[in-house]
Amino acid sequence: MDLFWINPLIAFCCGIFLSFGIRKVNARIQGRRGPLVRVPPQWHDINYSKILQPLYDILKLFSKKTNIPATAGSLFIISPILAILSGILASLFVPIAGVSFSYSFDLVVLFYLLMGELLFVIIGGITSASLFAVIGGVREIELMLTNEIPFILGTFALAITYDTLSIQVMMGFNLITNPFAAIVVFLAILVKLHMKPFDIAEAESEIVSGLTTEYSGKLLGLLEATKVIMLFVLVALFTDLFLWVPSTGITAVLVFIAGAGVTCLLIGIVHSLFGRFRIDQATWWLFKVPLVLSIIAVLWAAIPRYLL
Amino acid sequence: MSMSHTFMKRSPWVYHAHAGGCNGCDLEILACMGPRYDFERLGIKLVSSPRFADILLVTGPVPLHTKPFLERVYAQTPDPKRVIAMGACGCSGGVFVDNENYSIAGPVERIIPVDVRIPGCPPKPEAILDGILKVMRTF
């Protein structure tokens, strides 16, 4: 029996733990405690443990009233639903411990689903007719345009090495076979997840919250759930492509959890150690470093294949 | 107590509405986020838009020109919501308590309904945390 249809459920559940992990790593590096794993007895009427804090946030947002601004169009309501749908579909194509809906060119479908999620969030934000959302949308599009090229080139370097477009076939410990591609894809994941050097599109201290400024209640809950699923999908993609050791059964699950944990830790450390780029600095930097690295990665994969 | 209220209590998001304060209270809110009184321990988060918020933390005596904005921020916060008036100015008007003051629209409770008051000029971080916990327990 195919088990891939429970992938979205696994993505949501594990995404909550990964999200908690990033919050905790961020807090520990800043010298804080972060959400408590064991709450002291005097606060037991509030909660016993805060491990599920991202889940509480999402459920709370779903239990709140939704205010829809008078200027908003109908896409304001539709696009968060489409965004979470593309997130769920993307989670079907990413192998979780080796289980996924796989066929010969699923890597290409995954690219378009990841891009589609960002596009729907942008469309929804811009139709709210808020100026902050429009500024955030412009920044998001600029980042996306400069980020997609290194991301696609970085993953296609592996496709050249393994002569396939199926993620299942190119899984392996490719950190050794193509380290440049690993660096490029990691940077691209940071941009896609709005982590610290690249959180320009939702810069809280400049433009209120960027694209999501006008969202509230249940629609914001949908967007938060999308963020959780996307975090898991991208972390799982990095684990599969670069940190996977071929194995089956319970070993595969353990290898996958270890890889996802390491990736999540790295993302958390980068998120808490760096400040925010300005948008011009970020686009220029993305052209200078990841684009050059991704071209090196493609050459690294292509030269041994066609010359040797 | 219904299910939704349990979740409200478990993840309160606070919006800091600045209504003409002197920045003393604002600095103490920042102290609450630091390593010593870290309020993320209980899942409390400072958010940047009133549309995300559950609790409005209002500081300052509310000058006349800020009054419409405060009303609008209150209207933009989705239900269920609570309001904390913070600092001596927010609770009673503080040094601006004189009724003949021409530029003050009053303490916060004259403009929007207030659930919890945190007195002090500025209040200590312990007092702010205590006020947020009190308002969390009313959800």
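In this text the structure is predicted, and so the values were computed from the model without any measurement.

Rules used throughout
- Residues numbered from 1 in each chain as written.
- Chains lettered and ligands numbered in written order.
- Predicted model: local features only at pLDDT ≥ 70, side-chain atom pairs only at ≥ 80, totals over all residues.
- Helix = DSSP H or I, 4+ residues; strand = E, 2+ residues; numbered from the N terminus.
- Rg over C-alpha atoms; globule rule 2.2 N^0.38 Å.
- Buried ≥ 20, exposed ≤ 12 C-beta atoms within 10 Å, placed from the backbone.
- Contact = placed C-beta atoms within 7 Å.
- Nonpolar A, V, L, I, M, F, W, Y, C, P; charged D, E, K, R; others polar.
- Axes fitted to C-alpha atoms, helices over the stretch in contact; angles between N-to-C directions.
- Left-handed = near helix turned anticlockwise from the far one by under 90°.
- Pairing = 2+ DSSP bridges.
- Right-handed = clockwise from strand over helix to strand, strands pointing away.
- Expected span 1.5 Å × (residues − 1).
- Arc of directions from axis to C-beta.
- Core = buried A, V, L, I, M, F, W, Y, C linked by C-beta atoms within 7 Å.

Undergrad: Quick rundown of the overall build of chain B? Include the residues and the values.
TA: Of regular secondary structure, chain B possesses five helices and five strands. Its helices and strands in sequence order give chain B the pattern α-β-α-β-β-α-β-α-β-α, from N to C terminus. Compactness check: chain B gives a C-alpha radius of gyration of 14 Å against a globular reference of 14 Å for 139 residues, within 12% of the reference. Classification of the 139 residues of chain B by burial places 50% in the buried group. The long-range share in chain B, meaning contacts at least 24 apart out of those at least 6 apart in sequence, stands at 81%.

Undergrad: Quick one: what's the story with the overall build of chain A, residue by residue and with numbers?
TA: Scanning chain A from terminus to terminus reveals 11 helices and zero strands. When the helices and strands of chain A are listed from N to C terminus, the series reads α-α-α-α-α-α-α-α-α-α-α. Whereas a compact globule of 308 residues would reach a radius of gyration of roughly 19 Å, chain A reaches 20 Å, a difference of no more than 12%. Along the first, second and third principal axes, the C-alpha atoms of chain A reach 65 × 45 × 45 Å. When each of the 308 residues of chain A is scored for burial, the buried share is 51%. For chain A, restricting intrachain contacts to residue pairs at least 6 apart in sequence, the fraction spanning at least 24 positions comes to 79%.

Undergrad: Which residues make up the interface of chain B and chain A, and what values do they have?
TA: Between chain B and chain A, the contact holds 20 residues from the first and 31 residues from the second. If one sorts the elements of the side of chain B that touches chain A by residue count, helix α1 (residues 3-10) of chain B sits on top with five residues. Classifying every residue of the side of chain B that touches chain A gives seven nonpolar, six polar and seven charged.

Undergrad: Let's hear about the packing of helix α5 (residues 131-162) of chain A against helix α8 (residues 179-192) of chain A: which residues, and what values?
TA: All names here are of chain A. Direction vectors running N to C along α5 and α8 enclose 145°, while the axes themselves pass 9 Å from each other. The element α5 and its partner α8 pack so that their crossing is left-handed. Contacts between α5 and α8 involve Leu143, Asn147, Pro150, Phe151, Gly154, Thr155, Ala157 and Leu158 from the former and Ala181, Val184, Val185, Ala188, Val191 and Lys192 from the latter.

Undergrad: Please provide a residue-by-residue account of unusual backbone geometry, values included.
TA: Across the junction of aspartate 79 of chain B and proline 80 of chain B, the peptide omega takes the value -10°, indicating a cis bond. With respect to the helices and strands, proline 80 of chain B occurs in the loop between α3 (67-76) and β4 (82-86). The omega torsion across cysteine 121 of chain B and proline 122 of chain B is -10°, close enough to zero to call that bond cis. With respect to the secondary-structure elements, proline 122 of chain B resides in the loop between β5 (116-118) and α5 (125-137). In this structure, alanine 129 of chain A is a non-glycine residue whose phi angle is positive, near 60°. With respect to the helices and strands, the residue alanine 129 of chain A is situated in the loop between α4 (106-126) and α5. A positive phi angle is found at histidine 194 of chain A, which is not glycine, with a value near 55°.

Undergrad: Quick rundown of the pairing of β4 of chain B? Include the residues and the values.
TA: For a regular strand, side-chain orientation follows a simple rule: the groups alternate between the two sheet faces. Residue and element names in this part refer to chain B. In terms of burial, β4 is largely enclosed, as five of its five residues are buried. Burial along β4 is two-sided: the face carrying Arg82, Ile84 and Met86 and the face carrying Val83 and Ala85 are both buried. Pairing analysis gives five bridges linking strand β3 (residues 55-59) to β4, with the strands arranged parallel. From the neighbouring strand, leucine 56 faces β4, where its bridge partner is valine 83. For the handedness criterion, the β-α-β arrangement of β3, α3 and β4 is classed as right-handed. Alignment of β4 against β5, held across three bridges, turns out to be parallel.

Undergrad: Describe the sheet that holds strand β2 (residues 45-47) of chain B, listing the residues and the values that go with them.
TA: All names here are of chain B. Taken together, the five strands give an open sheet; going across it, the order is β2-β1-β3-β4-β5, and neighbouring strands pair in parallel fashion. Strand pairing shows two members of the sheet lacking a second neighbour, β2 and β5, which therefore form its edges. Averaged over all neighbouring strand pairs, the angle between strand axes comes to 30°, with direction disregarded. With three bridges joining them, strand β1 (residues 13-18) and β2 adopt parallel strand pairing. Bridging across to β2, tryptophan 13 finds its partner in lysine 45.

Undergrad: Would you mind going over α5 of chain B in detail, with residue names and values included?
TA: All names here are of chain B. In a regular helix each residue adds 1.5 Å, so 13 residues correspond to 18 Å; α5 covers 18 Å between its end C-alpha atoms and thus fits that length. When α5 is considered as a whole, its buried residues turn out to be Ile128, Gly131, Ile132, Val135 and Met136. Axial view of α5: buried residues confined to an arc of 140°, hence all on one face. Seen from the buried face of α5, the exposed residues on the opposite side, beyond 90 degrees, are Glu126 and Arg137.

Undergrad: Which residues make up the nonpolar core, and what are the values?
TA: A general trend in soluble globular proteins is that nonpolar side chains are found buried together. Grouped together as the largest cluster of nonpolar side chains are 130 residues, with contacts concentrated most on Phe232 and Val233 of chain A together with Leu56, Leu57, Val58 and Ile84 of chain B. With 18 residues, the single largest contributor to this core is helix α9 (residues 217-242) of chain A. Apart from residues lying up to four places away in sequence, leucine 56 of chain B is in contact with Tyr15, Ala17, Val73, Tyr74, Thr77, Lys81, Val83 and Ile84 of chain B.

Undergrad: I'd like a description of helix α10 (residues 249-273) of chain A, backed by residues and values.
TA: Residues and elements named next belong to chain A. Taking 1.5 Å per residue, 25 residues should reach 36 Å; α10 reaches 37 Å between its end C-alpha atoms and fits that length. Within α10 the residues assigned to the buried category are Phe256, Gly259, Ala260, Thr263, Cys264, Ile267, Gly268 and His271. Where α10 is buried, its residues contact α1 (7-29), α8 and α9.

Purely spatial values, then, with no claim about function.
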